[in-house]
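# Analysis of the macromolecular model
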Amino acid sequence: DTGVSQDPRHKITKRGQNVTFRCDPISEHNRLYWYRQTLGQGPEFLTYFQNEAQLEKSRLLSDRFSAERPKGSFSTLEIQRTEQGDSAMYLCASSPRRGGTAGELFFGEGSRLTVL
Amino acid sequence: KQEVTQIPAALSVPEGENLVLNCSFTDSAIYNLQWFRQDPGKGLTSLLLIQSSQREQTSGRLNASLDKSSGRSTLYIAASQPGDSATYLCAVSGGGTSYGKLTFGQGTILTVHP
């Protein structure tokens, strides 16, 4: 499978616990994005990486959220001290360098977080 | 701040109908516009990408148009099928180095009944 892969697909946790999601992008894509989607809404941008550099973070990303992309390959999104408001689908996407299809995002299946 | 609106919010049609989904955006300084499909509980599948310099793109029974100056795009689905039932999302990308930072509409929920 050469698409974007996310793990786990579903995580149920208790309030106050830490959770980590992993994303493996399409191998030749240099940009990686994280989005969050709540029920009935369109996805909202959280952050993105170009190779290993995190270039932009949304104001939605509070201090409890941290994302990394070591070596410019896979990425992790960690949420510390989870709150019920963090319950959402966390979507990862990747895109190729500038060129014919630059800016075309390819999404994974998402990681659904439920905070009890 | 870019805002994207999709109309209608939901649409139910009989199989075989041709239909149009609408998307409007407030800031015409976009890099591209993408249409996605999302099945319940799943991720997003890219349907069509229109660069800001283009007017339309076609893929099979799908045709998307872009009028950047008026801030509008339409997705035309010909001869709809029950398998087309899903949520359709429109998203625009800003210019400069943030070309992958998308602003999404809330989506149109499409139901095609046999």
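Below is a summary of the structure that appears in this document. (Residues numbered from 1 in each chain as written. Chains lettered and ligands numbered in written order. Predicted model: local features only at pLDDT ≥ 70, side-chain atom pairs only at ≥ 80, totals over all residues. Heavy atoms only, no water.)

### Let's talk about the overall build of chain A
Check the secondary structure of chain A and you find 0 helices and 11 strands. Reading chain A from its N terminus to its C terminus gives the helix and strand order β-β-β-β-β-β-β-β-β-β-β. Relative to the globule expectation of 13 Å for 116 residues, the C-alpha radius of gyration of chain A, 14 Å, shows essentially globular dimensions. Across its three principal directions, the C-alpha atoms of chain A cover 45 × 25 × 25 Å. Of the contacts made within chain A by residues no fewer than 6 positions apart, 53% connect residues no fewer than 24 positions apart. Total accessible area computed for chain A in this model is approximately 5,900 Å², and 44% of it derives from carbon and sulfur atoms. Of the side-chain charges in chain A, 16 are positive and 14 negative, and the distance between the mean point of each set is 4 Å. (Helix = DSSP H or I, 4+ residues; strand = E, 2+ residues; numbered from the N terminus. Rg over C-alpha atoms; globule rule 2.2 N^0.38 Å. Contact = heavy atoms within 4.5 Å. Areas by Shrake-Rupley, 256 points an atom, 1.4 Å probe, with all protein chains shown as cover. Lys, Arg positive; Asp, Glu negative; His and termini not counted. Charge placed at Lys NZ, Arg CZ, Asp CG, Glu CD.)

### Section: the pairing of strand 11 (residues 111-115) of chain A
Residues and elements named next belong to chain A. The alternating pattern of strand 11 places Ser111, Leu113 and Val115 on a buried face, while none of Arg112 and Thr114, on the opposite face, is buried. As defined by bridge partners, strand 2 (residues 10-13) adjoins strand 11 across 4 bridges and the pair is classed as parallel. From the neighbouring strand, Lys11 faces strand 11, where its bridge partner is Leu113. Relative to strand 11, strand 9 (residues 88-95) is paired through 3 bridges, and the arrangement is antiparallel. Within strand 11, the position partnered with Ala88 by the bridge is Leu113. (Buried < 20%, exposed > 50% of the residue type's maximum accessible area, 1.4 Å probe, protein only. Pairing = 2+ DSSP bridges.)

### Description of the sheet that holds strand 8 (residues 72-77) of chain B
Residues and elements named next belong to chain B. Spatial ordering of the open sheet is given by 1-3-8-7-6, a layout of 5 strands whose pairing is antiparallel. Whereas interior strands pair on both sides, the edge strands pair on one side only; in this sheet they are strand 1 (4-7) and strand 6 (56-59). Mean inter-strand twist for the sheet, computed between neighbouring axes without regard to direction, equals 15 degrees. Here strand 3 (residues 19-25) pairs with strand 8 via 6 bridges, running antiparallel. By the bridge assignment for strand 8, Asn22 is matched with Thr74. (Axes fitted to C-alpha atoms, helices over the stretch in contact; angles between N-to-C directions.)

### Some points on the pairing of strand 4 (residues 30-38) of chain B
Residue and element names in this part refer to chain B. With 9 of 9 residues buried, strand 4 is to be regarded as a mostly interior element. Bridge count between strand 4 and strand 9 (residues 86-94): 8 bridges; the pairing is antiparallel. Across the sheet, residue Gln38 finds its bridge partner in strand 9, namely Thr87. Pairing of strand 4 with strand 5 (residues 44-51), which is carried by 7 bridges, proceeds in the antiparallel orientation. Directly across from Trp35, in strand 5, lies its bridge partner Leu48.

### A look at the environment of Gly100(B)
Of note, Gly100(B) is situated in the loop between strand 9 and strand 10 (102-104). Between the C-alpha atom of Gly100(B) and that of Tyr31(B), which follows or precedes it by 69 residues, the distance is 8.9 Å. With residues near it in sequence (within four places) discarded, Gly100(B) still touches Arg31(A), Tyr33(A), Tyr35(A), Leu105(A) and Ser93(B).

### Considerations on the sheet that holds strand 3 (residues 19-24) of chain A
Residue and element names in this part refer to chain A. Ordered in space as 1-3-8-7, the 4 strands form an open sheet in which the pairing is antiparallel. In the strand order of this sheet, the two ends are held by strand 1 (5-7) and strand 7 (65-68), each with one partner. Taken pair by pair, the neighbouring strands of this sheet meet at an average axis angle of 15 degrees, ignoring direction. Alignment of strand 3 against strand 8 (residues 75-79), held across 5 bridges, turns out to be antiparallel. Each residue of the ladder has a partner; that of Val19, found in strand 8, is Ile79.

### Focus: the pattern of salt bridges
All names here are of chain A. Inspection of the entire model under this criterion finds 7 salt bridges over all chains. We note a salt bridge from Arg9 to Glu109, for which the minimum N-O separation is 4.0 Å. Here Glu109 lies in the loop between strand 10 (106-107) and strand 11 and Arg9 lies in the loop between strand 1 and strand 2, a separation of 100 residues in the sequence. By relative accessible area, Glu109 is classed as partly exposed at 35%. (Salt bridge = Lys/Arg side-chain N within 4 Å of Asp/Glu carboxyl O.)

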